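Given next are the chains, with one letter for each unit.
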Amino acid sequence: MNITLNLIPIVSLIAGILILIIPRLLSTIVAVYLIMVGLVGLFGTGNFLR
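Residues numbered from 1 in each chain as written. Predicted model: local features only at pLDDT ≥ 70, side-chain atom pairs only at ≥ 80, totals over all residues. Heavy atoms only, no water.

**Notes on the overall build of the protein chain**
Part 1: Regarding its fold elements, the protein chain presents three helices and zero strands.
Part 2: For the protein chain, with 50 residues in total, the buried portion stands at 8%.
Part 3: If you sum the accessible surface of the protein chain, you get close to 4200 Å²; carbon and sulfur atoms cover 73% of it. (Helix = DSSP H or I, 4+ residues; strand = E, 2+ residues; numbered from the N terminus. Buried < 20%, exposed > 50% of the residue type's maximum accessible area, 1.4 Å probe, protein only. Areas by Shrake-Rupley, 256 points an atom, 1.4 Å probe, with all protein chains shown as cover.)

**Concerning a nonpolar patch on the surface**
Part 1: Taken together, the side chains of L13, I17, L20, I21, I22 and L25 present a nonpolar region at the surface, about 590 Å² in accessible area.
Part 2: A residue is classified by how much of its surface remains accessible, and L20, at 73% relative accessible area, is exposed. (Patch = residues over 30% accessible without salt bridge, like charges linked within 9 Å, V, L, I, M, F, W, Y side chains within 5 Å. Salt bridge = Lys/Arg side-chain N within 4 Å of Asp/Glu carboxyl O.)

**Some words on helix α2 (residues 26-43)**
Part 1: Helix length check: α2, at 18 residues, gives a terminal C-alpha distance of 26 Å against a target of 26 Å (1.5 Å per residue), a fit within 8%.
Part 2: Of the residues flanking the end of α2, it is G44, one or two places downstream, whose phi is positive at about 85°. (Expected span 1.5 Å × (residues − 1).)

**Digging into the confidence of the model for the protein chain**
Part 1: Mean pLDDT over the protein chain works out to 75, with 78% of the residues at or above the 70 mark.
Part 2: Per-residue pLDDT, averaged within each element of the protein chain, yields its smallest value for helix α3 (residues 46-49) (52) and its largest for α2 (82). (pLDDT = per-residue confidence, 0-100.)

Written out as structure tokens, the structure is:
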């Protein structure tokens, strides 16, 4: 059985909640999000789970 986990929607949801709670974290959260999107784009989602 293969379980596929989509990281982007989960990270987006967590980032959005954190920005609502603590607006000062906006630039840090955006930077981390963009780095994660870039890594997923380069290496694909399957490589993080294997």
